[in-house]
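This is what each chain is made of:
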Amino acid sequence: QVQLVESGGGLVQTGGSLRLSCAASGRTFSSYGMGWFRQAPGKEREFVAHISGFGRTYYADSVKGRFTISRDNAKNTVYLQMNSLKVEDTAVYYCAKYFRGTIYDVSGYEYWGQGTQVTVSS
């Protein structure tokens, strides 16, 4: 069992920045990939970014060049640095532990955090 706790969400103006954190329980954090997803009202949960256990990163086209995923294995924490935020980035952001299969879909993940709200105002 892995527990994930997100933090760092909030209200920010267009063009601003936020850094989300996701703290994971367990001893084998460094061995598995982690992902960030987001869900806006009335929409399905969508892929944002993924980082493998080796540190290889993947991004959705909509956030490429603006968001950066990273991890600190000593702290069992994964981060999402979000810059140049847009109104369309408004959503609840979730971190998740990768299990198997595609990294781009929710089906590839087995544990989820409770989510943190990010609101970008114009």
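For the structure given in this document, a descriptive report is provided here. (Residues numbered from 1 in each chain as written. Predicted model: local features only at pLDDT ≥ 70, side-chain atom pairs only at ≥ 80, totals over all residues. Heavy atoms only, no water.)

1. Some points on the environment of Cys95
Here is step 1 of the chain: Mapping Cys95 onto the fold places it in strand β9 (residues 91–98).
Here is step 2 of the chain: For Cys95, a relative accessible area of 0% translates into the label buried.
Here is step 3 of the chain: Spatially, the C-alpha atom of Cys95 lies 15 Å from that of Glu44, the residues being 51 residues apart in sequence.
Here is step 4 of the chain: Excluding residues within four positions of it along the chain, Cys95 makes contact with Leu4, Glu6, Cys22, Gly35, Trp36, Tyr111, Trp112 and Gly113. (Helix = DSSP H or I, 4+ residues; strand = E, 2+ residues; numbered from the N terminus. Buried < 20%, exposed > 50% of the residue type's maximum accessible area, 1.4 Å probe, protein only. Contact = heavy atoms within 4.5 Å.)

2. Digging into the nonpolar core
Here is step 1 of the chain: Grouped together as the largest cluster of nonpolar side chains are 33 residues, with contacts concentrated most on Trp36, Leu80, Met82 and Tyr93.
Here is step 2 of the chain: Breaking this core down by element, the ones donating at least two residues are β3 (18–24), β4 (34–39), β5 (46–51), β7 (67–72), β8 (77–82), β9 and β11 (116–121).
Here is step 3 of the chain: If sequence neighbours within four positions are ignored, Met82 has contacts with Gly16, Ser17, Leu18, Leu20, Arg66, Phe67, Tyr93 and Val118. (Core = buried A, V, L, I, M, F, W, Y, C linked by side-chain atoms within 4.5 Å.)

3. Remarks on unusual backbone geometry
Where the residue is not glycine, phi is negative for most of them; where a peptide bond is considered, it is trans in most cases.
Here is step 1 of the chain: For Asn76, which is not a glycine, the phi torsion comes out positive at approximately 50 degrees.
Here is step 2 of the chain: Positive phi outside glycine occurs at Ser84, with the angle close to 50 degrees.
Here is step 3 of the chain: By secondary structure assignment, the location of Ser84 is in the loop between β8 and β9.
Here is step 4 of the chain: Here Ser84 falls in the partly exposed class, since its relative accessible area comes to 42%.

4. Observations regarding the pairing of β7
Here is step 1 of the chain: Across the two faces of β7 the burial differs, with Phe67, Ile69 and Arg71 buried and Thr68, Ser70 and Asp72 not buried at all.
Here is step 2 of the chain: Connecting β7 to the antiparallel partner β8 that follows it, the hairpin turn spans four residues, and Asn76 within it adopts a positive phi of roughly 50 degrees. (Pairing = 2+ DSSP bridges.)

5. Notes on the packing of aromatic side chains
Geometrically, a pair of aromatic rings is defined through the distance of the ring centres and the angle of the planes.
Here is step 1 of the chain: Scanning the entire structure with this criterion turns up eight aromatic pairs.
Here is step 2 of the chain: Seen in terms of ring centroids, Phe37 and Trp112 are 5.2 Å apart; in terms of plane orientation they differ by 65 degrees. Their pairing is edge-to-face. Taken together, the residues span a long stretch of sequence, with Phe37 in strand β4 and Trp112 in strand β10 (residues 109–112) at a distance of 75 residues.
Here is step 3 of the chain: Looking at Trp112, the relative accessible area reads 27%, which means it is partly exposed.
Here is step 4 of the chain: Relative to Tyr104, the ring of Phe47 has its centre 4.9 Å away and its plane inclined at 75 degrees; by these criteria the two rings are edge-to-face. A residue pair is termed long-range when its members are at least 10 positions apart, and Phe47 in strand β5 and Tyr104 in the loop between β9 and β10 qualify at 57 residues.
Here is step 5 of the chain: For Phe47, a relative accessible area of 9% corresponds to the buried category. (Phe/Tyr/Trp six-rings, centres within 6.5 Å; stacked < 30°, edge-to-face > 60°.)

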